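# Results of the structural survey
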Amino acid sequence: MYGLLNDLSIIEASSFVASPTAGLYCAQMGAEVIRVDHKEGGLDYDRYMLTKEGRSLSWENLNRAKKSVALDLRSGEGRELLVELSAKTGNLITNLPEKSFLSHEAVAASCPDLVSVRIMGWHDGRQAMDFTVNAASGYPLMCGPEDWDEATAPPVNQVLPAWDFITGAYCAFALIAAIRHRDHTGAGSQLRVPLGDVAIGTVANSGAMAEMLYRGADRERLGNAIWGAFGRDFRSLDNTRFMVAALTAKQWAGLVKAFGVEDEIAALEKECGVRFADGDDPRFKHRHALFDLFQSRAGTMDWPELERRMAAEGCTFERYRTMHEAANDPVLVDDNPLFTRTSGNPSGFEYPATRSFANIPGRDAGEPAPAPYLGQHTEEVLAERLGLSSGAIGVLVDRDIARLSDKD
């Protein structure tokens, strides 16, 4: 896309979300990312949701701008080809187990300065996935309506596999950091990134772990309220739900003016003996009274009027959308330079796809490249990386060790 990593080539042997995300972010910055899968497709090749033609929309979007090589990774010869490709390239992203045929040591035997990033489950070798490490993090038991009984309330899982995406982004960063280190020292690196450590480490980095230890108990459920500040969902007269947040003095003043509750706020301040403009603390402590006040006013205005007033005062707010509504929203998608409508997708379905999330002024972001067909670049990569002749590659294909494009 931007071409910042045009001189970088990476072998990616992975599946599901975290590992492909790391490769995707590198590819979006211009790196040549060669994804190597088993000849029938990796574990995520047919991950839901599938089009009527059997193409995975998840796989298609996590593997944009990459090249695809398909080998028989259940055979010794196919595995040797992947090890050799990794060694010739020198940079590897994978979530295969360390004790598998693609261990760091196996590849580094012929590539001493190898940089490998390996996504694991837990640091002690236990398996994990996003939704299981999320259960361990404590967040699902922190979510839910405020009036739920603490002893019987169920956990509330998040729909987004956030830990996978955070892990993928961190792995892309770790890979580039290790490559920079190699550029300065000549030394390779083996980086192991446990998904579980990303989750519990993020809990610690956010301050939540220290908070629980300091208070000696769990934080109460808050429903849709923002912890430690003023913010919650409200409903307009025409039944539109929206979210507001006021963490700064300017945001708070704008919200009070937009809702036209200056006199009511002054009366509530006198009653409570506080000034809500003084910061998050009084607004959070007296949130229930404030929520009732703002909801009573929101219930007297239709959404277009509320939206106009909040926009005029520079408030921080957003209307709730279904994901289908979001996908069809012109502000979020059609008029957003992040997106362009793509064709040439393996699924045959045309839809918006993202450029790099980073916007670099003065540089052309380019167009999002489509995902490859499985095995689309097998011949090209084996020839360029390993120096195999077309005849040798043909023999591998005939013997079912290598597979060419599954387009047809």
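Residues numbered from 1 in each chain as written. Predicted model: local features only at pLDDT ≥ 70, side-chain atom pairs only at ≥ 80, totals over all residues. Heavy atoms only, no water.

The helix and strand inventory of the protein stands at 17 helices and 12 strands. For the protein, the spread of C-alpha atoms along the principal axes amounts to about 85 × 45 × 45 Å. When the 408 residues of the protein are sorted by exposure, 45% land in the buried category. Residue pairs in contact within the protein that sit at least 24 positions apart in sequence constitute 67% of those at least 6 positions apart. (Helix = DSSP H or I, 4+ residues; strand = E, 2+ residues; numbered from the N terminus. Buried < 20%, exposed > 50% of the residue type's maximum accessible area, 1.4 Å probe, protein only. Contact = heavy atoms within 4.5 Å.)

Before going further, it helps to examine the state of the cysteines. Per the counting criterion, the structure on display carries 0 disulfides. With no disulfide of its own, C171 lies 9.7 Å from the sulfur of C26, the closest cysteine sulfur. Residue class for C171 comes out buried when judged on its relative accessible area of 1%. (Disulfide = S-S within 2.5 Å.)

A separate point is the sheet that holds strand β7 (residues 230-235). By definition, the strands of a sheet pair up through backbone hydrogen bonds, in either a parallel or an antiparallel sense. Taken in spatial order, the 3 strands of this open sheet run β7-β8-β9, and their pairing is antiparallel. Two strands close off the open sheet at either side, each with one partner strand: β7 and β9 (316-319). Averaged over all neighbouring strand pairs, the angle between strand axes comes to 15°, with direction disregarded. Of the pairings in the sheet, the one linking strand β8 (residues 241-246) to β9 comprises 4 bridges and is antiparallel in character. Along β9, the bridge assignment pairs M243 with E318. Those strands touched by helix α9 (residues 249-259) are β7, β8 and β9, and its axis lies near 140° from that of β8. Where helix α13 (residues 303-312) meets the sheet, it contacts β8 and β9, and its direction lies at approximately 155° from that of β9. (Pairing = 2+ DSSP bridges. Axes fitted to C-alpha atoms, helices over the stretch in contact; angles between N-to-C directions.)

Before going further, it helps to spend a moment on the sheet that holds strand β6 (residues 189-194). Spatial strand order, β6-β5-β4-β1-β2-β3-β12: 7 strands in an open sheet with mixed pairing. Looking at strand neighbours, the two that pair on one side only are β6 and β12 (402-403), the edges of this open sheet. Strand direction decides the pairing type here: strand β4 (residues 91-94) and strand β5 (residues 115-120), joined by 4 bridges, are parallel. By the bridge assignment, T94 is partnered in β5 with R118. Lying on the sheet, helix α16 (residues 378-386) is in contact with β1 (9-13), β2 (32-38), β3 (67-71) and β12; it crosses β3 at an angle near 90°.

In this section: the pairing of β5. By the criterion of burial, β5 is predominantly enclosed, with 5 of the 6 residues buried. The pairing of β5 with β6 spans 6 bridges and is parallel. Each residue of the ladder has a partner; that of V117, found in β6, is L191.

Before going further, it helps to spend a moment on the packing of α16 against helix α17 (residues 390-398). Between α16 and α17, the shortest axis-to-axis distance is 10 Å and the interhelical angle comes to 130°. In terms of orientation, α16 lies oblique with respect to α17. Handedness of the crossing formed by α16 with α17: right-handed. Of the residues in α17, those touching α16 at E379, L382 and A383 are S390, I393 and L396. Here the residues of the contact of α16 with α17 sort into 4 nonpolar, 1 polar and 1 charged. (Parallel < 35°, antiparallel > 145°, perpendicular 65-115°, else oblique. Left-handed = near helix turned anticlockwise from the far one by under 90°. Nonpolar A, V, L, I, M, F, W, Y, C, P; charged D, E, K, R; others polar.)

This part covers the side chain of R221. As for its placement among the helices and strands, R221 is situated in the loop between α8 (208-215) and β7. Summary of buried charges: R221 has no salt-bridge partner, and the nearest side chain of opposite charge, E150, is 7.8 Å away. Of note is the side chain of R221, whose polar atom sits 3.5 Å from the backbone oxygen of L141. Polar contacts involving the side chain of R221 include one to the main-chain carbonyl oxygen of P154, which spans 3.4 Å. Filtering out sequence-adjacent residues up to four positions away, R221 remains in contact with P140, L141, M142, C143, G144, P145, E146, W148, A153, P154 and V156. (Lys, Arg positive; Asp, Glu negative; His and termini not counted. Salt bridge = Lys/Arg side-chain N within 4 Å of Asp/Glu carboxyl O. Polar contact = N/O pair within 3.5 Å; in protein donor to acceptor, adjacent residues only side chain to side chain.)

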